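This is what each chain is made of:
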Amino acid sequence: SKNVVHLYCITRVSFMSVSKSKNLERKLNNYEKEATLELNNVCGSSLWQSLGFMFFDQLEDPEKIAKANFYYGQLQIINEIKFSI
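Residues numbered from 1 in each chain as written. Predicted model: local features only at pLDDT ≥ 70, side-chain atom pairs only at ≥ 80, totals over all residues. Heavy atoms only, no water.

Draft legend 1. Molecular detail of the pattern of salt bridges. Under the criterion given, the structure shown has two salt bridges. Lys82 is paired through a salt bridge with Glu32; the nearest N and O atoms lie 2.6 Å apart. With a gap of 50 residues between them, Lys82 in helix α3 (residues 62-84) and Glu32 in helix α1 (residues 2-43) connect regions that are remote in the sequence. Between Glu38 and Lys67 there is a salt bridge, and its shortest N-O distance comes to 3.5 Å. (Salt bridge = Lys/Arg side-chain N within 4 Å of Asp/Glu carboxyl O. Helix = DSSP H or I, 4+ residues; strand = E, 2+ residues; numbered from the N terminus.)

Here it is in structure tokens:
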């Protein structure tokens with residue numbers, strides 16, 4: 001009886017961890033999609049994906065460059081978090 005309660009508690013904690021992990025993964029995927037969409041809009045294409053932040057030097061508007069750098073930074077952080085979970 002005592003072992004069953006302990007097993008239940010372990011299973012419950014594991015389930016909650018998996019649930020939280022899936023929720024975090026879903027949120028990160030949503031942020032990644034949003035940042036990618038914004039970068040495509042700012043850059044006018046998805047060419048930045050193959051060139052990276054060097055593509056932003058081709059943008060003439062300082063506001064667009066700043067926005068592109070912001071969203072590219074977000075993508076880098078998202079990738080680092082995904083790699084560590």
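Draft legend 2. The arrangement of the packing of aromatic side chains in detail. Scanning all chains against the criterion turns up three aromatic pairs. For the pair Phe70 and Tyr71, a centre-to-centre distance of 5.0 Å together with 80 degrees between the ring planes defines the contact as edge-to-face. Within the aromatic cluster, the residues linked to one another by ring pairs are Trp48, Phe56 and Tyr72. (Phe/Tyr/Trp six-rings, centres within 6.5 Å; stacked < 30°, edge-to-face > 60°.)

Draft legend 3. Highlighting the environment of Trp48. Along the chain, Trp48 falls in helix α2 (residues 48-51). Judged by relative accessible area, which is 4%, Trp48 ranks as buried. In this structure the C-alpha to C-alpha distance between Trp48 and Thr36, which are 12 residues apart in sequence, comes to 9.8 Å. Excluding anything up to four places from it in sequence, Trp48 contacts Thr36, Leu39, Asn40, Cys43, Phe55, Phe56, Tyr72 and Leu75. (Buried < 20%, exposed > 50% of the residue type's maximum accessible area, 1.4 Å probe, protein only. Contact = heavy atoms within 4.5 Å.)

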